[in-house]
Amino acid sequence: MKRWVICIVAILCLLSGIAVANPLGGSPMGGGGSISGTPIGEGDIPGSAIESPWWFRGLTFWAPFDNPDLPLTLHRATGSLSFTRATIATYVHPTTGLITMAGENGFLYSEDFSNENWSVSGSITVTVDSAVSPNGNTTADLLTKSGGAAYILQSVSGFVVGNTYTASLYIMKDSVTSRFPEFGFTMGVASLFTQLNTSTGEKVDRVADGTVSSSVVDAGTYWRLVLTGVNQGTAFSSYLRPAAGTTLGVYDANATGSIIVSQAQLNMGATPTTYIKTTAAAANALRIEANGALIEGQRTNIATYSDDLTNAAWVKVTMTAAMDQIGPDGVANSASSITATGANATILQTVVSDNSAHSYAVYLKRLSGTGAVNITIDNTMWTAQTITSSWARYKKENTTVLDPLDPIIGIQLATSGDSVAVALNQLEVAAFSSSPIPTTMAAVTRNLSSLSVASSGNIDNTAGTFYTSWTPNFANTVTASGNYYFFDAGGLEAYWNSTDDKIYLTDGTNTISTAALTFSADVAKDLAFTWGASGLSITVDGIDTTGATYTEVVEAANTFIGADTSSANLLYGHEKNFRNWNRQFILSERIAIAP
């Protein structure tokens, strides 16, 4: 009876527009400072521990951005998220804490071997969608070779010499031992062709030239055949032979037979990333870190050999270097150690650039000694860093090196005998540093992220409320420029302005803004935006700004998250638990979701 009375009271409060606390105990936001709890049901009774939280009423869109393996997961939406980034990118894995390469797939039509991007040479027939793939969908293809030399080929361009790449393919297990399929690649002078026993999983590298390796992963009803190599050319060509021999490891052009294959993957790095399906374009995964989805614009690391300080690009003065450390990516010999052989030892790289503002970032870890460790961006001003025995990133940002000098980045060890581990040196022409971009012999560019969802069914242009947890990559004291967008639905848009440090919400006709904000890098802020009959409002960490009437806008086809509708003015930060309602929250509700 008591529970029924509480629910009736809650309904009456709802109908009267009164926001209520959870009368049955627990936080209506799921126990935290934001609406991060997972609702049990989908009822509309506020405050009920059995039904949904009060804030579930009118919820039309919810992207949690909390799972790096399923980054585009939606708890509620019409349609799905769309994400693109034309290049690879790194992120800090929220569980392992390791620098991780975001999932990517350079192969086109990764589940359709009948597509013209997979060029067939010789007598091979492709029967599409013949079996269930490892992901549970009926998208695996049957490849049948009827005789003579034959293969399926896909070539991919734009590879960086010296970088490591991994190709993988799922091949269904069977009991056939009269034919052995072969998967291989060429990258300049580097090549690897590996035959597989589909019954046992045994493999033999028939050809292995350059720094290459292969492995087989037991994936249930499939084997995942994985090929890795250091690129020695600008193009990658992958070859697949359904039947390459009748004796494992020995090529026989007359071998015949069939295999079932699925989920071809091509990514940078020494291990296969989480599989991403592709069609007409290569795909890259949205990066999910502890603070949510990482949205960044295009940046270039103009420093070379970011991890290999043994290279001649790094000039050593009473300093030695060895590439012998487990890096912040957890991979052996992926980072360098430096050791001082004299006082104030230095290791420096001169980078040809202009006199714009530059930012330098580097991962450091103390190996031995207690002396001072300094970093520089000009070989004149040295900044002391307090480093520990654990990897951490250190920065010297927004520094201008005047002509005719070029930036000179590097590290100084004050005490002879001290040793430090170093990884991911990065120099950008920017006021603040972005996520790590590994390099070898040349500068590397990471392209911008573009994240959007269809406006129809998700965003109500009559009345609504947005919530997001925002974690900026930079402090407001950084001399940044421009607007940094939280969302843009076409006319209805919200952003932080770097000139006056205010957050704005506008419908294209009417605009409101907060007072100037003070915030730090990597510290989250709760934001709520509303529009409707009560005008426009912005709530930041419990501080509410209300004003201006709302003029109904014509929405764009897509709403962009962390950018404007032209995929410009990127957020350079994180958004988490991004949600939208088709009703305008009253003040007490806004304070509750953005305390």
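Residues numbered from 1 in each chain as written. Predicted model: local features only at pLDDT ≥ 70, side-chain atom pairs only at ≥ 80, totals over all residues. Heavy atoms only, no water.

Undergrad: I'm lost on the nonpolar core in this one. Help?
TA: Formed by 45 residues in total, the largest nonpolar core has its most connected members in F65, F486, F487, I503, L505 and F529. Once residues lying within four places of it in the same chain are set aside, the contact partners of F65 are P71, L81, L286, I288, G292, A293, L451, I561, E575, K576 and F578. Of all hydrophobic cores here, the second largest spans 31 residues; its members include M187, L196, W223 and L227. (Core = buried A, V, L, I, M, F, W, Y, C linked by side-chain atoms within 4.5 Å. Buried < 20%, exposed > 50% of the residue type's maximum accessible area, 1.4 Å probe, protein only. Contact = heavy atoms within 4.5 Å.)

Undergrad: Just checking my understanding: could you explain unusual backbone geometry for this structure?
TA: Backbone geometry follows two general trends: most residues other than glycine have a negative phi, and most peptide bonds adopt the trans configuration. Here F65, not a glycine, exhibits a phi torsion of approximately 50°, which is positive. Inspection of the secondary structure assignment puts F65 in the loop between strand 1 (59-63) and strand 2 (81-84). A relative accessible area of 1% means that F65 is categorised as buried. One non-glycine residue, N577, lies in the positive phi region at around 50°. What makes N577 buried here is its relative accessible area of 9%. (Helix = DSSP H or I, 4+ residues; strand = E, 2+ residues; numbered from the N terminus.)

Undergrad: How should the packing of aromatic side chains be read in this particular structure?
TA: A full pass over the atoms with the stated rule returns 32 aromatic pairs. Considering the side-chain rings of F107 and W118, the 5.3 Å spacing of their centres and the 40° angle between planes classify their relative orientation as tilted. Residue F107 is located in the loop between strand 5 (104-105) and strand 6 (119-131), and its partner W118 is located in the loop between strand 5 and strand 6; the two are separated by eleven residues in the primary sequence. Its relative accessible area of 4% is what places W118 among the buried residues. Across from the ring centre of W62, 3.7 Å away, lies the NZ or CZ of R579, which sits over that ring. (Phe/Tyr/Trp six-rings, centres within 6.5 Å; stacked < 30°, edge-to-face > 60°. Lys NZ or Arg CZ within 6 Å of the ring centre and 35° of its normal.)

Undergrad: Where do I start with the sheet that holds strand 20 (residues 315-317) in this structure?
TA: Across a sheet, paired strands are connected by hydrogen bonds in the backbone, their directions being either parallel or antiparallel. Strand order across the open sheet formed by five strands is 20-23-28-25-26, with antiparallel pairing between neighbours. Edge positions in the open sheet fall to strand 20 and strand 26 (382-385), since each of these has one partner strand only. Between one strand and the next, the sheet's axes are offset by a mean angle of 20°, whatever the strand orientation. Note that strand 25 (residues 373-376) and strand 28 (residues 408-413) share four bridges and pair antiparallel. (Pairing = 2+ DSSP bridges. Axes fitted to C-alpha atoms, helices over the stretch in contact; angles between N-to-C directions.)

Undergrad: Any chance you could explain the pattern of salt bridges here in plain terms?
TA: Side-chain pairs of opposite charge can arise whenever the charged atoms involved come near each other. Across all of its chains, the model carries twelve salt bridges by this definition. Ionic pairing is found between D174 and R179, a salt bridge with its closest N-O pair at 2.7 Å. With relative accessibility at 1%, the residue R179 sits in the buried group. Between K525 and D541 there is a salt bridge, and its shortest N-O distance comes to 3.1 Å. With K525 in strand 37 (residues 525-532) and D541 in the loop between strand 38 (535-540) and strand 39 (543-547), this pair connects stretches of sequence that are 16 residues apart. On the basis of relative accessible area, K525 is assigned to the buried category, the value being 11%. A cluster of three or more residues bridged by salt bridges with shared partners is formed by E182, R206 and R241. (Salt bridge = Lys/Arg side-chain N within 4 Å of Asp/Glu carboxyl O.)

Undergrad: Mind showing me how you'd approach the sheet that holds strand 29 (residues 419-428) here?
TA: Across the sheet, which stays open at both edges, the five strands sit in the order 21-22-29-24-27 with antiparallel pairing between neighbours. One side of each edge strand has no neighbouring strand; the edge strands of this open sheet are strand 21 (319-325) and strand 27 (392-400). Across the sheet, the mean angle separating the axes of adjacent strands is 35° when strand polarity is ignored. One ladder, built from four bridges, connects strand 22 (residues 335-340) with strand 29; its direction is antiparallel. Bridge assignment links T339 to a residue of strand 29, and that residue is S419.

Undergrad: I keep staring at the pairing of strand 9 (residues 182-187) and nothing clicks. Help me out?
TA: Sheet faces and side chains relate simply in a regular strand, where the side chains alternate between the two faces. For strand 9, the buried fraction is high: five of the six residues fall into the buried class. Across six bridges, strand 9 lies against strand 10 (residues 190-196) in antiparallel orientation. Within the sheet, the bridge partner assigned to G184 lies in strand 10 and is F193. The antiparallel hairpin formed by strand 9 and strand 10 contains two residues in its connecting segment, where G188 sits at a positive phi of about 65°.

Undergrad: Where do I start with the layout of surface pockets in this structure?
TA: It is the rolling of a water-molecule-sized probe over the atoms that shows where space remains empty. When its volume is computed, the second largest pocket comes out at roughly 470 Å³. Lining the second largest pocket are 23 residues, and of these V92, E289, R393, K395 and D522 sit closest to its centre. Sorting the residues of the lining of the second largest pocket by element identifies strand 3 (90-92) and strand 27 as the ones contributing at least two each. No other element matches the three residues that strand 27 contributes to the lining of the second largest pocket. (1 Å grid on protein atoms, 1.4 Å probe; cavity = no way out; pocket = protein on both sides within 12 Å on 5 of 7 lines; lining within 4 Å. Points joined across faces, edges and corners; volume = space filled by probe spheres on them.)

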